[in-house]
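Spelled out from the first residue to the last, the chains are:
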Number of protein chains: 2
Amino acid sequence: MARYQVILAYDGAEFYGFQRQAGSSGQRTVQGVVEEALRRIGWQGQAILFAGRTDVGVHASGQVIAFDLDWSHSMEALLAALNAYLPTDVAAQAAQPVADDFHPRYDARARRYQYRLFCQPRRNPLRERYAWRVWPGVDGERMQRAATYLIGTHDFAAFGSPPRRKGITLRTVYQAQWSPELSDGWIFEVSANAFLFHMVRRMVGLLAAIGQGKQEPEDVVNYLQNPNGAKLRTLAPAHGLTLVEVIY
Amino acid sequence: MARYQVILAYDGAEFYGFQRQAGSSGQRTVQGVVEEALRRIGWQGQAILFAGRTDVGVHASGQVIAFDLDWSHSMEALLAALNAYLPTDVAAQAAQPVADDFHPRYDARARRYQYRLFCQPRRNPLRERYAWRVWPGVDGERMQRAATYLIGTHDFAAFGSPPRRKGITLRTVYQAQWSPELSDGWIFEVSANAFLFHMVRRMVGLLAAIGQGKQEPEDVVNYLQNPNGAKLRTLAPAHGLTLVEVIY
């Protein structure tokens, strides 16, 4: 028996989030289908460990899980077996043995997310599965100026809730960068030691409003300096968000 | 009453192709949902006209339809009304009045398609909705050398079937270009006066095999010079293909 770490990619559209629901709610979750696939290859645990509980509709290219398993074949064979039993919207991307006490959430030093948006006046079915449609269009330079204020260690209480009630809301953002994509889109790349619940989506909601000229770049500073004032209410939709990497 | 032309975008994954099926087969088609939306805004025709019958699973960003309608409001209002009644995987992108005898198929001078592929050893749910996963990887230069032989007027009988039995199989390809996408993907852009049934998917099936070193670039010439020899059997999957533009 040894502990293995596996990197998962999934399309979140048809999942009720990552985490298996208590009871037999019947909701389809990523954790649920992964545990089912693992049982097919002999896993007998109660629950897998995972790095981040992604919301309903959020995607991942770099979610990290860990589990204990008796496996005498290669890592290549483990990946092939898992991918054979996983549904088409989830796939294992890499696998390796890790220390017996490795924990994908507690051992993580940082997480990186991407948020995609594009600016078009009308619905676009080929873009909207993985990006938020924003109209009127945004000014990228304004969004970047605002994003830069997020970098550093701040009290992000206005941007989200801690995992435990009354938990600490201080987080350190390492990177907050907008880059152009195609002719009318933007990718926001953000990494931090950890994120509060809904933190990336509230950041993007605010930055997009700033990009549209509805708020000022300096408003970011107000929310950081008054963490216990009004909470940000605009939540960018889940389908634009992807958990890209967990760093150990 | 006037005739209107509308450009449609759709995600083909959940449709049984574009064309409404004869009888009440119950299959969900793009034509079916568009006609349903049109009826909600007062259309009373029997069937819309359209440029190209896309296969099950094929996407479009530039399908063209036409219909006769009593409409006294703006084109902007027509788009908004249609998009309000269309499901999320179809959207009208542009609308304009056209001549009473305009026909989106017979009046088209050329069609342009894109086919996406990417090279990874394992399934990737975030890429595979709109691209074909090919492994082992392909040599882009070989694929381009092979694609160049397709340009010009040739008998493409080995690449597909004409719309009518024993119909003409001569077609003129104007453009056949591979461009890199991301770190491990390729987009094939191909335009022609018209395409045979399955022609783009057979082209891509052959070009990918050439890119993998299983066939030679010069094999393309053999298929064009022996149109009544063996038909190409490798059909690249539908989900990598998008109808991008119809040119009048």
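Residues take numbers from 1 onward in each chain, read along the sequence in its written order. Chain letters and ligand numbers both follow the written order, the letters beginning at A and the numbers at 1. Local features in a predicted model are, by the rule used here, given only for residues with pLDDT of at least 70; side-chain atom pairs are given and counted only at 80 or more, and totals for whole chains, interfaces and linings are based on all residues. The side-chain values count all of the structure's non-hydrogen atoms but skip hydrogen atoms and water molecules.

Enquirer: Got a sec to walk through the overall build of chain A? Specific residues and values, please.
Expert: Strands are runs of DSSP state E lasting at least two residues, helices are runs of H or I lasting at least four, and both sets are numbered from the N terminus onward. Each helix and strand counted, chain A has five helices and ten strands in total. The globule rule puts the C-alpha radius of gyration for 248 residues at 18 Å, and the 19 Å found for chain A is close to it. Counting only C-alpha atoms, chain A reaches 60 × 40 × 30 Å along its principal axes. Every residue pair with non-hydrogen atoms within 4.5 Å of one another is taken to be in contact. Of the contacts made within chain A by residues no fewer than 6 positions apart, 70% connect residues no fewer than 24 positions apart. Of the accessible surface of chain A, which amounts to about 11500 Å², a share of 48% is contributed by carbon and sulfur atoms. We treat Lys and Arg as the positive residues and Asp and Glu as the negative residues; His and chain ends play no part in the count. Note on charges: their place is set at NZ of Lys, CZ of Arg, CG of Asp or CD of Glu. The averaged location of the 23 negative side-chain charges in chain A is 7 Å from the averaged location of its 27 positive side-chain charges. The atom set for the radius of gyration is the C-alpha atoms, and the globule formula is 2.2 Å times the number of residues raised to the power 0.38. Only the protein chains shown count as covering a residue, and every accessible area follows the Shrake-Rupley method with a 1.4 Å probe.

Enquirer: Account for the packing of aromatic side chains, with residues named and values stated.
Expert: Residue and element names in this part refer to chain A. Side-chain rings of Phe, Tyr and Trp (the six-membered ring for Trp) are treated as a pair once their centres are within 6.5 Å; stacked means planes under 30 degrees apart, edge-to-face means over 60, and tilted covers the remaining angles. Within the structure shown, the criterion is met by 19 aromatic pairs over all chains. Taking the centre distance of 6.3 Å and the plane angle of 90 degrees together, the rings of Tyr115 and Trp132 count as edge-to-face. Of this pair, Tyr115 sits in strand 5 (residues 110-118) while Trp132 sits in strand 6 (residues 132-133); the two residues are 17 residues apart in sequence, bridging distant segments of the chain. Partly exposed describes any residue whose relative accessible area lies between the buried limit of under 20% and the exposed limit of over 50%, with all areas from a 1.4 Å probe on protein chains only and scaled to the type maximum. Residue Tyr115 is classed as buried on the basis of its relative accessible area, which comes to 0%. For Trp132, a relative accessible area of 18% puts it in the buried group. Members of the aromatic cluster, joined through ring pairs, are Tyr10, Phe18 and Phe50.

Enquirer: Quick one: what's the story with helix 3 (residues 140-148) of chain A, residue by residue and with numbers?
Expert: All names here are of chain A. Turning to helix 3, its buried residues number three or more, namely Gly140, Arg142, Met143, Gln144, Ala146 and Ala147. Tucked inside the fold, the buried residues of helix 3 contact strand 8 (170-181), strand 9 (185-192), helix 4 (199-211) and helix 5 (219-225). For this analysis, a polar contact is any N or O atom pair within 3.5 Å, provided that within protein one partner can donate a hydrogen and the other can accept it, and provided that sequence-adjacent residues contribute only side-chain to side-chain pairs. Among the residues of helix 3, the N-terminal cap falls to Asp139, whose side-chain oxygen and the backbone nitrogen of Glu141 are separated by 2.9 Å.

Enquirer: Could you give an account of the interface of chain A and chain B, with specific residues and numbers?
Expert: Contacts between chain A and chain B engage 26 residues on the former and 26 residues on the latter. Accessible-area loss on putting two parts together, using a 1.4 Å probe and summing over both, is the definition of buried area adopted here. When the two sides are added together, the surface that chain A and chain B hide from each other amounts to roughly 1900 Å², 50% of it contributed by carbon and sulfur. Its largest share of buried area at the contact with chain B, chain A owes to Arg122, Arg123 and Leu126 of chain A, together 41% of the area lost on that side. Salt bridges are defined by distance alone: a side-chain nitrogen of Lys or Arg within 4 Å of a carboxyl oxygen of Asp or Glu. Taken together, the links from chain A to chain B amount to two salt bridges. Notably, a salt bridge pairs Arg122 of chain B with Glu76 of chain A, separated by 2.7 Å at the nearest N-O pair. Counting across the interface, chain A meets chain B through 16 residue pairs in polar contact (both at pLDDT 80 or more). Among the elements of the structure, strand 1 (2-10), strand 3 (59-69), helix 2 (75-85) and strand 4 (90-98) of chain A are those that each provide at least two residues to the side of chain A that touches chain B. The element best represented in the side of chain A that touches chain B is strand 4 of chain A, accounting for four residues. Here the side of chain A that touches chain B is composed, by residue class, of twelve nonpolar, eight polar and six charged. Only Asp, Glu, Lys and Arg are considered charged in this grouping, and only Ala, Val, Leu, Ile, Met, Phe, Trp, Tyr, Cys and Pro are considered nonpolar; every other residue, Gly among them, is considered polar.

Enquirer: Could you give me a rundown of the relation of the copies chain A and chain B, with the residues and numbers involved?
Expert: The atoms used to superpose the copies are C-alpha atoms, taken from residues with pLDDT of at least 70 in both, and the fit is least squares. Turning chain A through 180 degrees and shifting it by 0.0 Å along the axis lays it on chain B, with an RMSD of 0.0 Å. Taken together, the rotation angle and the small translation identify this as a two-fold axis. Rotation axis and chain A: the residue whose C-alpha lies nearest the axis is Arg129 of chain A, separated from it by 4.9 Å. Take the interface residues of chain A: 100% of them recur as interface residues in chain B, which is what a same-surface contact looks like.

Enquirer: So what's going on with the domain arrangement of chain A? Which residues, and what values?
Expert: All names here are of chain A. In terms of domain boundaries, chain A breaks down into domain 1 (2-98) and domain 2 (110-247). Taking the mean C-alpha position of each, domain 1 and domain 2 sit 27 Å from one another. At the junction of the two partners, domain 1 supplies 16 residues and domain 2 supplies 14 residues. Together, the buried faces of domain 1 and domain 2 total about 1200 Å²; carbon and sulfur atoms form 52% of this surface. Inspection of the domain 1/domain 2 interface yields two salt bridges. In this structure, the salt-bridge partner of Asp55 is Arg201, at a minimum N-O distance of 2.8 Å. At the junction of domain 1 and domain 2, the tally comes to ten residue pairs in polar contact (both at pLDDT 80 or more). Its residues placed into classes, the side of domain 1 that touches domain 2 shows six nonpolar, six polar and four charged. Segment limits for the domains were obtained from an automatic or database-derived domain assignment.

Enquirer: Describe the packing of helix 3 of chain A against helix 4 of chain A, with residues and values.
Expert: Residue and element names in this part refer to chain A. Lines are fitted to the C-alpha atoms to define the axes, a helix being fitted only along its stretch in contact, and any angle between axes, read from their N-to-C directions, falls within 0 to 180 degrees. Look at helix 3 against helix 4: their axes get within 8 Å of each other, and the N-to-C directions meet at 140 degrees. For the element pair helix 3 / helix 4, the angle class is oblique. Judged by the twist between their axes, the crossing of helix 3 over helix 4 is right-handed. Here Arg142, Met143, Ala146 and Ala147 of helix 3 lie close against helix 4, whose contacting residues are Leu207, Ala208, Ile210 and Gly211. When grouped by side-chain class, the residues that make up the contact of helix 3 with helix 4 number six nonpolar, one polar and one charged. Oblique is the label for every angle not falling under 35 degrees (roughly parallel), over 145 degrees (roughly antiparallel), or within 65 to 115 degrees (roughly perpendicular). Left-handed is the label given to a crossing in which the near helix is rotated counterclockwise from the far helix by less than a right angle, and right-handed is the label when the rotation is clockwise.

Enquirer: Before we move on, could you go through unusual backbone geometry and cite the residues and values that matter?
Expert: All names here are of chain A. In the segment running from Trp135 into Pro136, the intervening peptide bond is cis, with an omega of 5 degrees. Positionally, Pro136 belongs in the loop between strand 6 and helix 3. Although it is not a glycine, Leu182 adopts a positive phi angle of roughly 50 degrees. With respect to the helices and strands, the residue Leu182 is situated in the loop between strand 8 and strand 9.

Enquirer: Hey, could you go over the confidence of the model for chain A for me, with residue numbers and the actual values?
Expert: pLDDT expresses how confident the predictor is about each individual residue, on a scale running from 0 to 100. With 99% of its residues at a pLDDT of 70 or more, chain A has an overall mean of 96. Two summary scores accompany this predicted model of the complex, namely pTM at 0.94 and ipTM at 0.91.

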